[in-house]
Amino acid sequence: MKKNECSEVSIYKILPDRLVPWFEKNKRDLAWRIQPTPYRVWVSEIMLQQTRVEAVKPYYDRFMQALPDLPALADANEEILLKLWEGLGYYRRVKMMQKTARIIMEQYEGVFPSTYENVRALPGIGDYTAGAILSIAFGQPIPAVDGNVLRVIMRVLACKDNIDDPKTKQNVSIHLQKIYPVGKCGEFTQSLMELGAMVCLPHGDPLCNKCPMHGICGSEQNELWEKIPVHGEKASRVCSEFDVLVMHYHGLIAIRKRPDNGLLAGLWEFPNTELKSVKNIRMLKKTFGLRDLELKKTAKHVFTHREWHLQIFWAEAKEQYPDYHWVTPEQLRTEFSIPSAFRAAIQVINQAEKDKTLS
Ligand code: SF4
């Protein structure tokens, strides 16, 4: 094949015949592949954004048990919804899903729309998710192109176009749309996803000997896959430092609700303050009238575009300050959604329970 030919039609045409039978033989058993209704595919795709398959599995099962269909999601109490999502992060996703479920209930009489325009117009559904729902659940020839799929295609074609450039994705989508196999649209979409996840790996050596494109792929020889896909320059993350206070009073822990807008909106958190100077600790003590403030842990939490550096302090309060919710560790675990950014604070509480210092 010609090198660096990013629109090599003959290579695109080979893909379905190679990938679909390979997928049918090698696919993983995943819960969302059983009865792939639009609702089930949609929930899985939203959960899988930014999250590994293995991590999603228990969340998906729990979510489907609690909210098995669109009416259940549309009617769900927000606290229950957030609790089901706790630990997955990017909570905006699940709030958006509920908004979408309500729109479908009101505007489409509870039936998931089946045209690209209508699906794409729903909140929280971009090109990729629309493609996944329409091809997998409705059997339509609409590609779902994400980073995994782009990596596979770029490597097969030995194409060095920048995959962070939206034009690259658009170009790949146009070519893929033309070769979708009739009657096997869902399988073809999933075969590309599966190949990217299981064989043409993002980190480490791809498993070319097990790949259905073995012998044809433009990147296999000379280990060109080391240089492909090509990315643009990444924007650096903004770092912030926080002092987090795990304040306890007679076995209860102080938490508060975050504002309704912005990062981690509407979730629960421990009292915290952004570290602006070394006087922070003195300020914390003064604000809460605390005698001792013990540094228990330091932690880092990485979001897509920002990074939090946390110091977790442990302190006994003098009273139950009225601005906070005072809850037991058991309530924290079962009733309140604490974002994983505060995981280190939860670990401090768990340890205190073990050490019997929470009383
Ligand atoms: Fe990726 Fe290797 Fe398959 Fe090419 S042959 S698509 S580099 S796993």
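Residues numbered from 1 in each chain as written. Predicted model: local features only at pLDDT ≥ 70, side-chain atom pairs only at ≥ 80, totals over all residues. Heavy atoms only, no water.

Caption draft 1: Inspection of the pairing of strand β6 (residues 306–316) at higher detail. The pairing of strand β1 (residues 238–249) with β6 spans 11 bridges and is parallel. Bridge pairing links glutamate 241 to histidine 309 in β6. Two successive antiparallel strands, strand β5 (residues 294–302) and β6, enclose a turn made up of 3 residues. (Pairing = 2+ DSSP bridges. Helix = DSSP H or I, 4+ residues; strand = E, 2+ residues; numbered from the N terminus.)

Caption draft 2: Region of the structure containing helix α11 (residues 185–198). For α11, spanning 14 residues, the distance from its first C-alpha to its last is 20 Å, which sits close to the expected 20 Å at 1.5 Å a residue. Burial analysis of α11 places 11 of its 14 residues in the buried class, which makes it a mostly covered element. Listed as buried for α11 are Cys185, Gly186, Phe188, Thr189, Gln190, Ser191, Leu192, Met193, Glu194, Leu195 and Gly196. As for α11, its buried residues are in contact with α1 (9–26), α2 (38–48), α8 (127–137), α9 (147–157) and α10 (166–178). (Expected span 1.5 Å × (residues − 1). Buried < 20%, exposed > 50% of the residue type's maximum accessible area, 1.4 Å probe, protein only. Contact = heavy atoms within 4.5 Å.)

Caption draft 3: Region of the structure containing the site of the ligand. What surrounds the ligand is the set Val156, Val199, Cys200, Pro206, Cys208, Cys211, Cys217 and Trp225. When atom positions are compared with the pocket grids, the ligand is found to occupy the largest cavity. (Near = heavy atom within 4 Å. 1 Å grid on protein atoms, 1.4 Å probe; cavity = no way out; pocket = protein on both sides within 12 Å on 5 of 7 lines; lining within 4 Å. Sits in = over half its atoms within 2 Å of the grid points.)

Caption draft 4: Quick peek at empty space enclosed by the protein. Throughout the structure, instances matching the rule amount to 2 cavities of 30 Å³ or more. Empty space within the largest cavity amounts to approximately 120 Å³. Every residue lining the largest cavity is counted, 16 residues in all, and those nearest its centre are Arg155, Cys200, Cys208, Cys211 and Cys217. Among the elements that take part in the lining of the largest cavity, α9 stands out by supplying 3 residues, more than any other. (Points joined across faces, edges and corners; volume = space filled by probe spheres on them.)

Caption draft 5: Spatial organisation of the side chain of lysine 83. Mapped onto the elements, lysine 83 comes out in helix α5 (residues 78–85). On the accessibility criterion, lysine 83 (14% relative accessible area) is buried. Ignoring anything within four residues of it in the chain, the contact list for lysine 83 reads Leu332, Arg333, Thr334, Glu335, Phe336 and Ser337.

Caption draft 6: Looking closely at the packing of aromatic side chains. Overall, the coordinates contain 12 aromatic pairs when judged by the stated rule. With centroids separated by 5.1 Å and ring planes inclined at 75°, the aromatic side chains of tryptophan 32 and tyrosine 60 adopt a geometry described as edge-to-face. Remark: tyrosine 60 occurs in helix α3 (residues 53–66) and tryptophan 32 occurs in the loop between α1 and α2; sequence separation between them is 28 residues. You'll find tryptophan 32 and tyrosine 60 in the same group, each marked buried. For the ring pair tyrosine 321 and tryptophan 326, a centre distance of 6.4 Å and an interplane angle of 50° mean the geometry is tilted. In this structure an aromatic cluster arises from ring pairing among Phe242, Phe270, Phe303, Trp308 and Phe342. Its guanidinium or amino end placed over the ring of tyrosine 59, arginine 62 lies 5.0 Å from that ring's centre, counting from NZ or CZ. (Phe/Tyr/Trp six-rings, centres within 6.5 Å; stacked < 30°, edge-to-face > 60°. Lys NZ or Arg CZ within 6 Å of the ring centre and 35° of its normal.)

Honestly, that's just the spatial picture; any functional story needs more than this.
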